[in-house]
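These are the residues of each chain, in order.
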Amino acid sequence: MITLLILFIIALICLLVGCLMGLFSLMGVFFSLLTGVLVGALAGWLAGRFMGTETSFGLNVVLGVLGSFVGEFLFGLLGVHANGSFSSFVISVVGACICIWVGQKISR
């Protein structure tokens, strides 16, 4: 009987730890997405300042995220790859500047 009780307690502890780890994992995903949005907004805002345009927060996020993809693709074609957070941020800003430049050329 005591062995069954010990096994039951161990099962409850494992269940509780599993639920907590799942919660931490979910929070990690949420904060990772939130960080990506904020860094994208900063990259889009900085690119807008460099290019002399004023945009909203939402458009800054879109420009930053899209600029990240464009920058990584174009720099990858040149054989340049980001090795850290700062270099990835710089590539995102350059990509966002390219997106703004292409947008200005299309709209004219």
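Position labels on residues start from 1 in each chain and follow its written sequence. Thresholds applied to this predicted model are a pLDDT of at least 70 for local features of residues and 80 or more for the giving and counting of side-chain atom pairs; totals over whole chains, interfaces and linings are not thresholded and use all residues. As a rule here, side-chain values cover all heavy atoms of the structure and leave hydrogens and water aside.

Visitor: How would you sum up the pattern of salt bridges? Please name residues and give values.
Guide: Where charged atoms from two side chains of opposite charge approach closely, those side chains can pair. A side-chain nitrogen of Lys or Arg and a carboxyl oxygen of Asp or Glu constitute a salt bridge if their distance falls within 4 Å. If you walk through the whole model with that rule in mind, you get 1 salt bridge. Here Glu-54 ties to Arg-49 by a salt bridge, and the two come within 3.1 Å at their closest N and O atoms. Only protein chains enter the accessibility calculation, which uses a 1.4 Å probe. A residue is then buried if its area is under 20% of the maximum for its type, exposed if over 50%, and partly exposed in between. Judged by its relative accessible area of 46%, Arg-49 is partly exposed.

Visitor: Can you explain the nonpolar core? Please cite residues and give values.
Guide: For soluble globular proteins, the rule of thumb is that nonpolar side chains tend to be buried together. Membership of the largest hydrophobic core is limited to 8 residues, which are Ala-43, Ala-47, Leu-63, Val-93, Ala-96, Cys-97, Cys-99 and Ile-100. Helix numbers and strand numbers start at the N terminus; a helix is a DSSP run of H or I with at least 4 residues, a strand a run of E with at least 2. At the level of elements, helix H1 (2-51) and helix H3 (85-107) are the ones that each hand at least two residues to this core. With 5 residues, the single largest contributor to this core is H3. By convention a nonpolar core is built from buried Ala, Val, Leu, Ile, Met, Phe, Trp, Tyr and Cys residues, the set being connected through side-chain atoms within 4.5 Å.

Visitor: Summarise H3; cite the residues concerned and give the values.
Guide: Given a rise of 1.5 Å per residue, 23 residues ought to cover 33 Å, and the 32 Å separating the end C-alpha atoms of H3 matches this to within 8%. Among the residues of H3, Ile-91, Ser-92, Val-93, Gly-95, Ala-96, Cys-97, Cys-99 and Ile-100 are the ones counted as buried. To estimate how far a helix should reach, multiply one less than its number of residues by 1.5 Å.

Visitor: Describe the side chain of Ser-92, with residues and values.
Guide: With respect to the element layout, Ser-92 can be found in helix H3. Residue contacts follow a heavy-atom distance rule, with two residues in contact if any of their heavy atoms lie within 4.5 Å. Apart from residues lying up to four places away in sequence, Ser-92 is in contact with Ala-43, Gly-64, Gly-67 and Ser-68.

Visitor: I'd love a proper account of helix H2 (residues 57-77), names of residues and values included.
Guide: Here H2 spans 30 Å end to end across 21 residues, near enough to the 30 Å set by a 1.5 Å rise per residue. Of all the positions in H2, only Asn-60, Val-61, Leu-63, Gly-64, Gly-67 and Gly-71 are classed as buried. The positive-phi residue at the C-terminal boundary of H2 is Gly-79, with phi of around 85 degrees.

Visitor: Just give me the short version of a nonpolar patch on the surface, but keep the residues and values in it.
Guide: Only residues whose relative accessible area exceeds 30% and that form no salt bridge are eligible for patches; like-charged ones are grouped when within 9 Å, while nonpolar side chains (Val, Leu, Ile, Met, Phe, Trp, Tyr) are grouped when within 5 Å. For every accessible area listed, the method is Shrake-Rupley and the probe measures 1.4 Å; residues are considered covered only by the protein chains on display. The grouping of Phe-30, Phe-31, Leu-34, Val-37, Leu-38 and Phe-57 at the surface amounts to a nonpolar patch, some 580 Å² of accessible area in total. Of the residues forming the nonpolar patch, the biggest block, 5 residues, is contributed by H1. Take Leu-38: it is sitting in helix H1. For Leu-38, a relative accessible area of 47% corresponds to the partly exposed category.

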